[in-house]
Every structure is written in structure tokens, then in C-alpha cells.
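Structural features, examined
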Amino acid sequence: MTIPVPDTMSASQHINPHTSRRCAPEEPLVLSELNPRAVVDHLDDEGQPLHVLTFGTVREVCPKCRTGHLTLVLRQSAVRIAHLFCADCTSCFDAHYPNGTPALTI
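Residues numbered from 1 in each chain as written. Predicted model: local features only at pLDDT ≥ 70, side-chain atom pairs only at ≥ 80, totals over all residues. Heavy atoms only, no water.

Within the protein chain, the regular secondary structure consists of one helix and five strands. In the protein chain, the order of α-helices and β-strands from amino to carboxyl end is β-α-β-β-β-β. In the protein chain, which comprises 106 residues, the share counted as buried stands at 20%. For the protein chain, the share of sequence-separated contacts (at least 6 apart) that also reach a separation of at least 24 residues comes to 47%. For the protein chain, the computed accessible surface area is about 8300 Å², with 56% contributed by carbon and sulfur atoms. (Helix = DSSP H or I, 4+ residues; strand = E, 2+ residues; numbered from the N terminus. Buried < 20%, exposed > 50% of the residue type's maximum accessible area, 1.4 Å probe, protein only. Contact = heavy atoms within 4.5 Å. Areas by Shrake-Rupley, 256 points an atom, 1.4 Å probe, with all protein chains shown as cover.)

Listed below in C-alpha cells is the structure:
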């Protein structure tokens, strides 16, 4: 059986690269540990609670303690640098792609 194939595609059949999902698996991020004192303000105020919002869990597991997934912390009043945070060992990490492009910039 022969299936006819049109010579041209209609406008509705074209694939828009801006709206199509990426098919290739994501490359792992390269993580670099950050000094928490350089990332978050007021770490020395032991008596005062630090209010920092996290914005979800990412697929990366903490490379330091390897016990849980990291969470995303964006810049906010007490946070100077967007970073990934491990609640288990309280470590902070920067993330970039293997080609060097920062992964946490908007």
C-alpha cells in the first residue's frame, strides 16, 4: 500500500521550534559549593529566624551529603545570590551547564 505524501506542508503542520518541547535528555548541571556567608545576609544572628523562600525542588541531589534533592532559592531581601540549597547539610551551590552558561540566571 502506498501512502501519498504532499510536496508541501500546510501552515498548521509546520513545527514551531519555539513552542515544541525539547526531546533530548537534559544534561546534568555542574554544581559549585558557595560560602553561605557570601550568599545569605544575617547568618550571624543566631537568635533571629531567617525567612528565605524556596521555589521548588530540582532534580539534582546534593553532591556533598547525597541524601536529598536540592531546592531553588532565588534572590530576595536576605538572599544576595540565586542558588541551590540542601536542607539536610545546609550547603549552598551555584549551578551552570557543562558549556559554562549559568543555569540560575533569569
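Our focus in this paragraph is the pattern of salt bridges. If you walk through the whole model with that rule in mind, you get three salt bridges. The partner of K64 in a salt bridge is E33, and the shortest N-O contact between them spans 3.0 Å. Of the two residues, K64 is situated in the loop between strand 2 (57–61) and strand 3 (69–73) and E33 in strand 1 (residues 30–34); the sequence distance between them amounts to 31 residues. For D41, the salt bridge is made with R80, and the minimal N-O distance between the two is 2.5 Å. Here the residue D41 occupies a position in the loop between helix 1 (36–39) and strand 2, and R80 occupies one in the loop between strand 3 and strand 4 (83–86), the gap between them amounting to 39 residues. In this structure R80 comes out as partly exposed when scored by relative accessible area, which is 39%. (Salt bridge = Lys/Arg side-chain N within 4 Å of Asp/Glu carboxyl O.)

With that settled, consider the nonpolar core. Formed by L29, C62, L70, L72, A82, L84, C86, F93, A95 and L104, the largest nonpolar core amounts to 10 residues. Breaking this core down by element, the ones donating at least two residues are strand 3, strand 4 and strand 5 (91–96). Leave out the neighbours within four places in its chain, and A95 touches L29, V30, L31, L84, P102, A103 and L104. (Core = buried A, V, L, I, M, F, W, Y, C linked by side-chain atoms within 4.5 Å.)

Right, let's talk about the confidence of the model for the protein chain for a bit. Per-residue pLDDT for the protein chain averages 76, and the proportion of residues at 70 or more is 67%. Ranking the elements of the protein chain by mean pLDDT puts helix 1 last, at 88, and strand 1 first, at 95. (pLDDT = per-residue confidence, 0-100.)

Turning our eyes to something else, we now look at the pairing of strand 3. Burial analysis of strand 3 places four of its five residues in the buried class, the great majority of the element. Bridge count for strand 2 against strand 3 is two bridges, and the pairing is antiparallel. When the bridges of strand 3 are listed, T57 appears paired with T71. In this sheet, strand 4 lies alongside strand 3 in antiparallel orientation, the contact comprising three bridges. Directly across from T71, in strand 4, lies its bridge partner F85. (Pairing = 2+ DSSP bridges.)

Turning our attention to unusual backbone geometry. In this structure, R66 takes a positive phi of about 55° despite not being glycine. One non-glycine residue, T90, lies in the positive phi region at around 55°. Position of T90 among the secondary structure elements: in the loop between strand 4 and strand 5.

This part is about the sheet that holds strand 1. Backbone hydrogen bonds hold the strands of a sheet together, and the pairing may be parallel or antiparallel. Spatially, five strands are ordered 1-5-4-3-2 in an open sheet, and the strand pairing comes out antiparallel. One side of each edge strand has no neighbouring strand; the edge strands of this open sheet are strand 1 and strand 2. Each strand of the sheet is rotated relative to its neighbour by a mean of 40°, with strand direction disregarded. (Axes fitted to C-alpha atoms, helices over the stretch in contact; angles between N-to-C directions.)

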